Every structure is written in C-alpha cells, then in structure tokens.
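Fold and contact review
Residue-level listing of the chains:
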Amino acid sequence: MARLAFCQLRTLISSSQRNAWLLASSQRLGTEKYPSQIPSFGCRRTLCISAVQQQEVEPLTGKEQRLLSNIYGGLLNGQRACLAEAITLVESAHPRKRQIALILLQKVLSHHREQEQLNNGKPLAFRVGLSGPPGAGKSTFIEYFGKMLTEQGHKVAVLAVDPSSSTSGGSLLGDKTRMTELSRDMNAYIRPSPTRGTLGGVTRTTNEAILLCESGGYNIVLVETVGVGQSEYAVADMVDMFVLLLPPAGGDELQGIKRGIIEMADLVTITKADGDLLIPARKIQAEYVSALKLLRKRSKTWRPQVIRISAKTGEGIPELWKKMAEFQNTMLASGELLARRRSQQKVWMWNLIQENVLLHFRNHPAVKDQIPLLEQQVLAGVLSPGHAADVLLKAFSESS
Ligand SMILES: Nc1nc2c(ncn2[C@@H]2O[C@H](COP(=O)(O)OP(=O)(O)OP(=O)(O)O)[C@@H](O)[C@H]2O)c(=O)[nH]1
Ligand SMILES: [Mg+2]
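Values in this document were obtained by computation on a predicted structure and should not be read as measured data.

Focus on the environment of T301
- Position of T301 relative to the elements: it lies in the loop between helix 14 (278–294) and strand 7 (305–308).
- By C-beta crowding, T301 is classed as exposed, having 12 other C-beta atoms within 10 Å.
- Separated by 29 residues in sequence, T301 and T330 place their C-alpha atoms 7.2 Å apart.
- The contacts of T301, once residues within four sequence positions are left out, are T330, M331, S334 and E336.

Below is the structure:
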C-alpha cells in the first residue's frame, strides 16, 4: 500500500509538472500574472520540473499563440464564436489542444479573479443547476425562463450535462429544437452536451465551460441535467443553487426520485401546472412540502421550498426567479454561497485526480492486459472481487 501511495504521488507530481510547464508557457506568452495562480512546489523542484517538461513539451508555435490570443481576446469581448471555440478547445481530448486549453484556462482564471476583486469579492455570475426526470419539462422551462431573463437585460448561458448521450449516441439535453427562440437570442448562449465521454470527463469540461461563459459576460449560467445516473450529483457540485424540476406525475412515478437528490435541492419546482395537470400539480406540491420537512437540511439559513410553474402559461415563473434571487442574497449574506464555491473547488480537484489516477491505472502496461481476464473470472464467480483487485494493485505497485 505504501508503494501504491508512492505511485499515486508520482501521478500527482506529474500534474505539478504540467503546472510548471504552464508557468513556462505563460511566461513565454508574456502573461506574468500566472506565477501567483500556480501552487508553489519549491523553487528547486519547479526549476527541475520545468527543465524536464521543456524537453517533453513543444513550446507554443506562432500559430498556436495567435490562436490562443484570438480566442481569449474574442471571449472577453463577448464574441459567441470565440466562446464556442474556447469550449471546443477544453472539450478536446487531443493532448496538444488540451495543453493549449490549460493555458487559456489559467488566463481566464486570472482575469476572473481580478474581476471578482473589482466586484468586492462577489461572484460574477449566478450558477443554477436544473435537474429532473426525463420529460419533466426542463428544456421548455429554460426556453421561457431564459427569454424572460434576457428581456430583463441578463445574459444567459445554458449548458448541458448528459452522460447518457455517450451511450444513446445523441444528446437528449441542450436540445436546441425545444429552445428555438432562446437559441436565436443574441443575449443567450446554448451549448449542448458533448456527445462523447464519461461523466467525469463531461463534468470536468462543464466546470471549465462555466468559467468560460462567465468570462464571456454571461451573468446567469443554467446547467441542465437529466435525473439519471449520477449526473445530478455532479451538477449539484458545480452550481450555487440546485433546482429540482418534477412533473405532476402520480406518486408511483416519483418513487424513483432518489431521496439524496431531494436533499440536495434548494428549490423543488412542480412543472406543467396548467389545464388538467393543475390539480395533480397541487397535490404533488403538498406532498413535497410535507416530505421536505422530514429531510436533512443542506443550509443553515435557507429552507428549501416547493413551488408550481407552467412553461405553457408562464404562471409561477416570475415568482420562481424571485425565490432564486432571494436564495442568492440570503446565501451571499450568510457567507454560505462563497463557502459552497470553495468546497466545490476542492471536490473538483479530487474528481480530476480520481479520474486521472484511474486512467493511469487502467492503461498501465503491468495491469492493462490482465484486466479483461480478471474481470471475466470475477463475473464467473471464480475469483472474488477483493482478490482480483489485490492482484491488479500488486502488479501495479510492483512495476511502478
Ligand atoms: N402542459 C404542459 N406541458 C409541458 C410544459 N412544459 C413542458 N411540457 C411538455 O412536456 C414534454 C417534455 O418537455 P421537455 O421540456 O422536453 O422536457 P425535458 O425535461 O427537457 O425532457 P428531457 O430533456 O428529454 O429530459 C413536451 O411534450 C412539452 O411540450 C408545461 O408547462 N405545460
Ligand atoms: Mg430537455
């Protein structure tokens, strides 16, 4: 185990090497603000690491530098095409593009921090997660809500987290066809979910896309996710406020909604409260009001509420926005909003480490070829999962 810990440490150090390379690259780009962004690993080690890295990584070519400054300049000027290009860059799995994306993100973070300081330490944007079962009315609501916000002078970005798209082959979310008006609105930006990748990969790029949208001047970022798998937990960990949207379905249909996710909700919204669905919507609202009383509270100052809306008639949507603003003010005043953001940074860091360590492990020559056979033996009941894990971990630690 000690050796395993040592190997994991080596993986971590390789990420510090990446930072050192970023430092060297940023200095070449003349962006002297980087050093303060990058954790200090001690002068000697940094020098040694950057020497190693400089041998391994090609410096930015003139073309790459021009590309980077065009994207960055355009992004800060609010050009949607540059925002789209920046998000495509951070979503890229290509190692070289990923390196350029990291430099861009460092520049964006540095700019972000300056802007927040100018704003008396207050966040530049309000991040809202919207989750609910398939067909709950999320996209229809975002179309109405987004339009209402842009008419009030806000700039709205809509991002989707949809890990299911990697298996179903098409994006369920961020479906522009249901957001026809909003996608034509110059003060709105809609980004469908990347169609490839694991939940870890998709959430990493969504976190980065949030930052990019905020640098492009979007002051409200809506992150939509369908309530399947673990995606709603991932979204709850990247937003200021987490809103659960539930359709006025019968009690049985809502049985599948996990208790844990209701506990995460800062607001429960019953959708489609119109026509024949108004009475069931009222009933579900009352049920959730009682249910919330029994659940664990997520905040010291905010009590989650249950409200009814209709994206068809627009009823309840201005009130919903009022509640959201009330939440933001309460949580800012109590310091909880900034505390939530800080702890999310830590979760984000550990998610990245987890993803990278696992990837490194799975692709390690000492274990890669053994995995299929051991998995088969575990499936056949010949080998216990614990034993198989031990074999792989031992092979990994002995060869590292
Ligand atoms: N009556 C009524 N129907 C609605 C309302 N909002 C959405 N719908 C209908 O509900 C269905 C699903 O709506 P979507 O907005 O696509 O739901 P979604 O949650 O985005 O669905 P997925 O992205 O597939 O998970 C559509 O047929 C909508 O027309 C509403 O306020 N009232
Ligand atoms: Mg949808």
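Regarding the pairing of strand 1 (residues 126–132)
- When you tally the buried positions in strand 1, you get seven out of seven residues, the bulk of the element.
- Residues of strand 1 alternate between two faces, with F126, V128, L130 and G132 on one and R127, G129 and S131 on the opposite face, all of them buried.
- Where strand 1 and strand 4 (residues 220–226) come together, seven bridges link them in parallel fashion. Residue pairing across strands places F126 opposite I220, the latter belonging to strand 4.
- Where strand 1 lies against strand 5 (residues 241–246), four bridges are found, and the strand directions are parallel. Bridged to G129 within strand 5 is F242.

Brief notes about the sheet that holds strand 7
- Read from one edge of the open sheet, seven strands run 3-2-4-1-5-6-7, paired in parallel fashion. Across the chains shown, the open sheet's two edge strands, defined by having one partner strand only, are strand 3 (188–191) and strand 7. Neighbour to neighbour, the strand axes of the sheet diverge by 20 degrees on average, direction disregarded.
- In this structure, strand 2 (residues 156–161) lies alongside strand 3, joined through four bridges in parallel fashion. Bridging across to strand 3, L159 finds its partner in R191.
- Seen against the sheet, helix 7 (residues 138–151) touches strand 1, strand 2, strand 3, strand 4 and strand 5 and runs at an angle of roughly 160 degrees to strand 2.
- This element, helix 14, spans strand 5, strand 6 (267–270) and strand 7 of the sheet and lies at about 175 degrees to strand 7.

Some points on the confidence of the model for the protein
- Here the protein averages 81 in pLDDT, while 78% of its residues score no lower than 70.
- Scored below 50 in pLDDT, residues 1–55 shows 58 contacts in the model against residues more than four places distant or in partner chains.

Concerning helix 14
- For helix 14, built from 17 residues, the straight-helix expectation of 24 Å at 1.5 Å per residue is met to within 8% by its first-to-last C-alpha distance of 25 Å.
- Turning to helix 14, its buried residues are A281, I284 and Y288. For helix 14, the arc enclosing every buried residue in end-on projection is 65 degrees, short of the 170-degree limit, so these residues lie on one face. In this structure, helix 14 carries I279, A286, S290, K293 and L294 as exposed residues pointing more than 90 degrees from its buried face.
- Those residues of helix 14 that are buried lie in contact with strand 5, strand 6 and strand 7.

Thoughts on the site of ligand 1
- Near ligand 1 you find 20 residues, and of these G137, K138, S139, T140 and K272 are the closest.
- Looking at the shell around ligand 1 residue by residue, the classes come out as seven nonpolar, eight polar and five charged.

Topic: the packing of helix 5 (residues 80–91) against helix 6 (residues 95–118)
- Running from N to C, helix 5 and helix 6 cross one another at 125 degrees; their axes reach a closest spacing of 8 Å. Judged by the inter-axis angle, helix 5 sits oblique to helix 6. Crossing handedness for the pair helix 5 and helix 6: left-handed. On helix 6, the residues touching A86, L89 and V90 of helix 5 are K97, I100, A101, L104 and L105.
- Here the residues of the contact of helix 5 with helix 6 are counted per class, giving seven nonpolar, no polar and one charged.

What counts and how
- Residues numbered from 1 in each chain as written.
- Chains lettered and ligands numbered in written order.
- Predicted model: local features only at pLDDT ≥ 70, side-chain atom pairs only at ≥ 80, totals over all residues.
- Helix = DSSP H or I, 4+ residues; strand = E, 2+ residues; numbered from the N terminus.
- Buried ≥ 20, exposed ≤ 12 C-beta atoms within 10 Å, placed from the backbone.
- Contact = placed C-beta atoms within 7 Å.
- Pairing = 2+ DSSP bridges.
- Axes fitted to C-alpha atoms, helices over the stretch in contact; angles between N-to-C directions.
- pLDDT = per-residue confidence, 0-100.
- Expected span 1.5 Å × (residues − 1).
- Arc of directions from axis to C-beta.
- Near = placed C-beta within 6 Å.
- Nonpolar A, V, L, I, M, F, W, Y, C, P; charged D, E, K, R; others polar.
- Parallel < 35°, antiparallel > 145°, perpendicular 65-115°, else oblique.
- Left-handed = near helix turned anticlockwise from the far one by under 90°.

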